[in-house]
Amino acid sequence: MHFLAVGFLSAVTVDKPTGVLGALATGAEDFIKVFNKGGSVLLSLMGGILPTLVVLLTAVNALVRIIGPERIENLGKAAARPGLQWYPVRYIVLPFVSVFVLTNPMAYTMGRFLPERFKPAFYDSAVSFVHPILGIFPHANPGELFVYVGIATGIQQLGLGLGDLAVRYLLVGLVVIFIRGIVTERITARMMTKSEKGE
Amino acid sequence: MGFSSTVTKVGRSVGGVVGILYQAGRDTVDTVIRNVIPFMAFISFIIGLILTTGIGDWIAKGIKGSASSLPGLLLISVVCAIPLLSPLLGPGAVIAQIVGTLLGVEIGKGNIPAQYSLPALFAINPQVGCDFIPVGLALGEAEPATVEIGVPAVLFSRMVTGPLAVVIAYVASFGLYTSAK
């Protein structure tokens, strides 16, 4: 179909088409150009990141199965403790481990080990990490890969390495989820006392 | 005991490992076919459209100003974090993925400096998960009273932490791809 169209159109353009038919021919050429370009982009994606992704996903999926999701439950219990020193556990370590092992969306089930007042903050923290982790561990959220890959493709086109961006994205992500956890916890606490007073 | 039980043990554990690897491969192919490749097809079409038609230049003009400066990125993040908009922008991260791809095309063409890729990743995404708060909290076995407070708490928190994340990412992007300029 595609070859036919190109062959047919190139035969037409030999003597510079004019008039209505000429306009149609030019239109048809422009039309198929969009999909030719899209097709070559698709091929470069499938040949570029897809094979690596499949192998990486397989390895990490196997690792997660060997570790077993039930082992991280103790971490959830530790994160529920009050006190300043448990903040990083609750809003950095626990979201990271849950998103890595349980992936999106099952990671949020780890909230069940926390008291009610920490649950919104933990959700906020965990859900904010499902994209920053993608640069290095795409298995955590393969359905939303293009938040990262979309921008990363541009960097690749410039001939630059992705390692630097992926690592910084992950590290900044950890800082951001920590701040988000604390801020949301404070807001939740304030709103809870307000609603208790109102009753 | 003895030889035959050892054989059984080895056979079983090897079988177990192979089974795990095989199942992991099956899960992977499942996800790739159901989630990754459809999105690649869709994104390829959009990129094809952007690169071959004039839409690309039009978008470039609009995006270039806002995505290649800190105030512009902050503006994007503030808009995406508005509590009424963020749940609408959230589902499936589709908006973030499309905008990310558009920005990627512009970065590839050199219209947006490469070091802005890091703050841009946060600027396009302050709405992450805002559509999913009740479900996410329910997965964490939260009580209805918690959900009632948790939804606005997360949405309001994003108003602060969304732009803040852009600033942090901007600071962290110093030294990223600068030698390439």
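Residues numbered from 1 in each chain as written. Chains lettered and ligands numbered in written order. Predicted model: local features only at pLDDT ≥ 70, side-chain atom pairs only at ≥ 80, totals over all residues. Heavy atoms only, no water.

Participant: Quick question: what am I supposed to make of the nonpolar core here?
Facilitator: The nonpolar side chains of a soluble globular protein tend to be buried with one another. Grouped together as the largest cluster of nonpolar side chains are 50 residues, with contacts concentrated most on A:F146, A:Y148, A:L165, B:L118 and B:F122. Those elements that place two or more of their residues in this core are α2 (19-67), α6 (146-157) and α7 (163-198) of chain A together with α1 (3-52), α5 (94-109), α6 (117-123) and α8 (144-172) of chain B. In terms of residues, this core owes the most to one element, α1(B), which gives 8 residues. Residues within four places of B:F122 in sequence aside, it is in contact with A:P132, A:Y169, A:V172, A:G173, A:V176, B:A165, B:V166 and B:A169. Grouped together as the second largest cluster of nonpolar side chains are 39 residues, A:L102, A:Y108, A:V127 and B:V128 included. (Core = buried A, V, L, I, M, F, W, Y, C linked by side-chain atoms within 4.5 Å. Buried < 20%, exposed > 50% of the residue type's maximum accessible area, 1.4 Å probe, protein only. Helix = DSSP H or I, 4+ residues; strand = E, 2+ residues; numbered from the N terminus. Contact = heavy atoms within 4.5 Å.)

Participant: Could you clarify how one ought to interpret the side chain of A:N141 in this entry?
Facilitator: Residue and element names in this part refer to chain A. Tracing the sequence through the fold places N141 in the loop between α5 (119-127) and α6. With relative accessibility at 4%, the residue N141 sits in the buried group. In terms of polar contacts, N141 uses its side chain to reach the side chain of E144, at 2.9 Å. Apart from the residues lying within four places of it in its own chain, the contact partners of N141 are N104, V130, H131 and L134. (Polar contact = N/O pair within 3.5 Å; in protein donor to acceptor, adjacent residues only side chain to side chain.)

Participant: Would you take a moment to explain a nonpolar patch on the surface for this structure?
Facilitator: Residue and element names in this part refer to chain B. Where nonpolar side chains cluster on the molecular surface, the patch consists of L75, V79, I82, L84, L85 and L88 and spans about 580 Å² of accessible area. Looking at where L75 falls in the secondary structure, it is placed in helix α3 (residues 70-81). For L75, a relative accessible area of 56% puts it in the exposed group. (Patch = residues over 30% accessible without salt bridge, like charges linked within 9 Å, V, L, I, M, F, W, Y side chains within 5 Å. Areas by Shrake-Rupley, 256 points an atom, 1.4 Å probe, with all protein chains shown as cover. Salt bridge = Lys/Arg side-chain N within 4 Å of Asp/Glu carboxyl O.)

Participant: When you look at the interface of chain B and chain A in this model, what are you seeing that I'm missing?
Facilitator: The interface of chain B with chain A comprises 76 residues on the first partner and 67 residues on the second. Summing the contributions of chain B and of chain A, the shared interface buries around 5,900 Å²; its carbon and sulfur component is 77%. It is B:M40, B:L121 and B:Y177 that lose the most area in chain B upon contact with chain A, and together they represent 11% of the buried surface on that side. Counting the contacts that link chain B with chain A gives 2 salt bridges. A:D124 is the partner of B:R158 in a salt bridge, and the nearest nitrogen-oxygen pair spans 2.5 Å. Counting across the interface, chain B meets chain A through 21 residue pairs in polar contact (both at pLDDT 80 or more). Looking at which element gives the most residues to the side of chain B that touches chain A, the answer is α1(B), with 23 residues. (Buried area = accessible area lost by both parts, 1.4 Å probe.)

Participant: How should the pattern of salt bridges be read in this particular structure?
Facilitator: Any two side chains of opposite charge can pair, on the condition that their charged atoms come close. For the coordinates displayed, the defined rule picks out 8 salt bridges over all chains. Close ionic contact of A:E116 with A:K119 constitutes a salt bridge, the shortest N to O distance being 2.8 Å. The same class applies to A:E116 as to A:K119, namely buried. Between B:R34 and B:D30 there is a salt bridge, and its shortest N-O distance comes to 3.7 Å. Within this pair, B:R34 and its partner B:D30 are both found in helix α1, separated by 4 residues, close to a single helical turn. Residue classification places B:D30 among the partly exposed residues on the basis of a relative accessible area of 40%.

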